[in-house]
Amino acid sequence: MKRAYNFNAGPSALPLPVLERAQAELLNFQNTGMSVMELSHRSKEYDAVHNSAKERLKRLMNIPDTHDVLFLQGGASLQFSMVPMNLLGKDHVANYVLTGSWSEKALKEAKKVGKTHIAASSKEANYTYIPHPEDIQLSENAAYLHITSNNTIFGTQWHEFPDLPVDLIADMSSDILSREINVGQFALIYAGAQKNLGPSGVTVVIIRNDLLERIPDNLPTMLDYRTYSSSNSLYNTPPTFAIYMLSLVLEWVEEEGGVKAIEARNKEKAAVVYEAIDASNGFYAPHAEKDSRSLMNVTFRLPNEELTKKFLAEAKEKGFVGLAGHRSVGGCRASIYNAVPLEACEALAEFMNDFYRKFN
Ligand code: PMP
């Protein structure tokens, strides 16, 4: 069996050992005579899976006791609404840094809830860079500052987080667990699982406990973070299979040497692909400015539409999947999340070099 070189932006590549383990355990999970999908979410077997996912994430990300880990559904997109509904309040202002389509969407939902302010933006430059932390201008009465740590569509990433006297909230959907971060610096982190954490279906929220005290009492139960924190995310049926897969992915990250080792490998992988771009004399034009480049999503254009089509068609023939840019921006994008092996990046770089030599 030949596995594809999978550069999908999400859902995306999962580690092969994780898939093999899930396959081996599919019909009879730990001698229960059933799949993990068929277990009651109140069973002791499921409980162990649930708590192992939570504990492993705490360990891997060094999450301090001041913060809790919640498992929700609704994707990162529901967090665009839940964050302001829970944390904005009537008298305060939600501050957003605009670095791409996902931050715009987050802002759009906050506007429906209360007052907002754009604290910095690179929209005027078509989101080719991340604003410098020094250029962030907070409003008065800021409830929080929201950033998108990695911009999946434009291929930019924060390499230094703002350190301002305000609660920092980050959408880390496309770079959670890809590098070491100081969780204590954030009031809240959220991420859909389907890039670095597992399959789609579960959303991870890491929340500083004192934020729970400012949640208004009139929220629908399922949109209130307290529902999840007071029930260990078991108020209703959680996405049990997705959380099981998450626990396996986290175990894999531990076996690979933890986030530090994953980060080193991610840097090596990204360097291989950016090197192919930089060696092409502008044939592959990168979207992101150099100091804002993402280690997760490498975005670039070819000289024209015809060559782009040809590039994508030849890539497909050679077994490279998912290299077309997001439908809103076109061009090309290679998503090289944690589970994409170095070998796939090397094969892509080689293909890019060959294609460049043929067509430049
Ligand atoms: N934020 C970012 C940075 C994303 O990349 C995505 C999905 N690609 C989303 C939010 C939306 O996530 P979901 O589909 O889980 O709602």
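Residues numbered from 1 in each chain as written. Predicted model: local features only at pLDDT ≥ 70, side-chain atom pairs only at ≥ 80, totals over all residues.

An unreviewed UniProt entry annotates the protein chain as Phosphoserine aminotransferase originating from Parageobacillus galactosidasius. You can read under Function (unreviewed entry) in the UniProt record for the protein chain the words "Catalyzes the reversible conversion of 3-phosphohydroxypyruvate to phosphoserine and of 3-hydroxy-2-oxo-4-phosphonooxybutanoate to phosphohydroxythreonine." The UniProt entry for the protein chain carries this comment under Subunit (unreviewed entry): "Homodimer." (UniProt positions renumbered as here; feature names shortened; annotations may be inferred.)

## As for the pairing of strand β10 (residues 203-208)
Of all 6 residues in β10, 5 are buried, a share of seventy percent or more. Pairing geometry for strand β2 (residues 67-72) and β10, over 6 bridges, is antiparallel. The residue bridging His67 from the neighbouring strand is Arg208, located in β10. Across 5 bridges, strand β9 (residues 188-192) lies against β10 in antiparallel orientation. Among the inter-strand pairings, Leu188 is bridged to a residue of β10, identified as Ile207. (Buried ≥ 20, exposed ≤ 12 C-beta atoms within 10 Å, placed from the backbone. Helix = DSSP H or I, 4+ residues; strand = E, 2+ residues; numbered from the N terminus. Pairing = 2+ DSSP bridges.)

## With respect to the packing of helix α3 (residues 75-87) against helix α4 (residues 101-113)
For the pair α3 and α4, the least separation of the axes is 8 Å and the interaxial angle reads 40 degrees. Relative to α4, α3 is oriented oblique. By crossing handedness, the relation of α3 to α4 is classed as right-handed. In this structure, α3 contributes Phe80, Ser81, Pro84 and Met85 to the contact, and α4 contributes Lys105, Ala106, Glu109, Ala110 and Val113. Residues that form the contact of α3 with α4 fall into these classes: 6 nonpolar, 1 polar and 2 charged. (Axes fitted to C-alpha atoms, helices over the stretch in contact; angles between N-to-C directions. Parallel < 35°, antiparallel > 145°, perpendicular 65-115°, else oblique. Left-handed = near helix turned anticlockwise from the far one by under 90°. Contact = placed C-beta atoms within 7 Å. Nonpolar A, V, L, I, M, F, W, Y, C, P; charged D, E, K, R; others polar.)

## Describing unusual backbone geometry
As a rule of thumb, non-glycine residues mostly have phi less than zero, and peptide bonds are mostly trans rather than cis. The residue after Gly10, namely Pro11, is reached through a cis peptide bond having omega -5 degrees. Tracing the sequence through the fold places Pro11 in the loop between β1 (5-6) and α1 (16-25).

## Here's the deal with the sheet that holds strand β8 (residues 168-171)
Strand order in the open sheet made by the 7 strands is β2-β10-β9-β8-β5-β3-β4, with mixed pairing throughout. Single-partner strands in this sheet number two, and they are β2 and β4 (115-121). The mean angle between the axes of side-by-side strands here comes to 20 degrees, regardless of whether they run parallel or antiparallel. Judged from the 4 bridges that link them, strand β3 (residues 93-98) and strand β5 (residues 142-148) form a sheet pairing that is parallel. In the sheet register, Asn95 faces β5, and the bridge partner there is Leu145.

## Observations regarding the sheet that holds strand β11 (residues 285-286)
Read from one edge of the open sheet, 3 strands run β11-β12-β14, paired in antiparallel fashion. The open sheet has two edge strands, β11 and β14 (332-335), and neither has a second partner. Note that strand β12 (residues 297-301) and β14 share 4 bridges and pair antiparallel. Bridge pairing links Asn297 to Ser335 in β14.

## Some points on the site of the ligand
Residues in contact with the ligand, as listed here, are Gly10, Gly75, Ala76, Ser77, Trp102, Thr148, Thr152, Asp171, Ser173, Ser174 and Gly192. Looking at which element gives the most residues to the shell around the ligand, the answer is α3, with 3 residues. Grouping the amino acids of the shell around the ligand by side-chain chemistry returns 2 nonpolar, 8 polar and 1 charged. (Near = placed C-beta within 6 Å.)

## Digging into the domain arrangement of the protein chain
Taken domain by domain, the protein chain comprises domain 1 (16-255) and domain 2 (257-359). Taking only C-alpha atoms into account, the centre of domain 1 sits 27 Å from that of domain 2. Contacts between the two partners involve 24 residues from domain 1 and, on the opposite side, 23 residues from domain 2. Within the residue set of the side of domain 1 that touches domain 2, elements represented by two or more residues are β6 (150-151), β7 (156-157) and α6 (240-255). A class-by-class count of the residues in the side of domain 1 that touches domain 2 yields 8 nonpolar, 11 polar and 5 charged. (Domains from an automatic or database assignment.)

## Here we look at the UniProt feature "binding site: pyridoxal 5'-phosphate" (unreviewed entry) in the protein chain
Taking the numbering used here, the UniProt-annotated feature "binding site: pyridoxal 5'-phosphate" (unreviewed entry) corresponds to Ala76, Ser77, Trp102, Thr152, Asp171, Gln194, Asn236 and Thr237. Annotated residues spanning 162 residues; largest pairwise C-alpha distance 31.0 Å, indicating distribution over more than one region. Position of Trp102 relative to the elements: it lies in helix α4. As for its position among the elements, Thr237 is in the loop between α5 (225-229) and α6.

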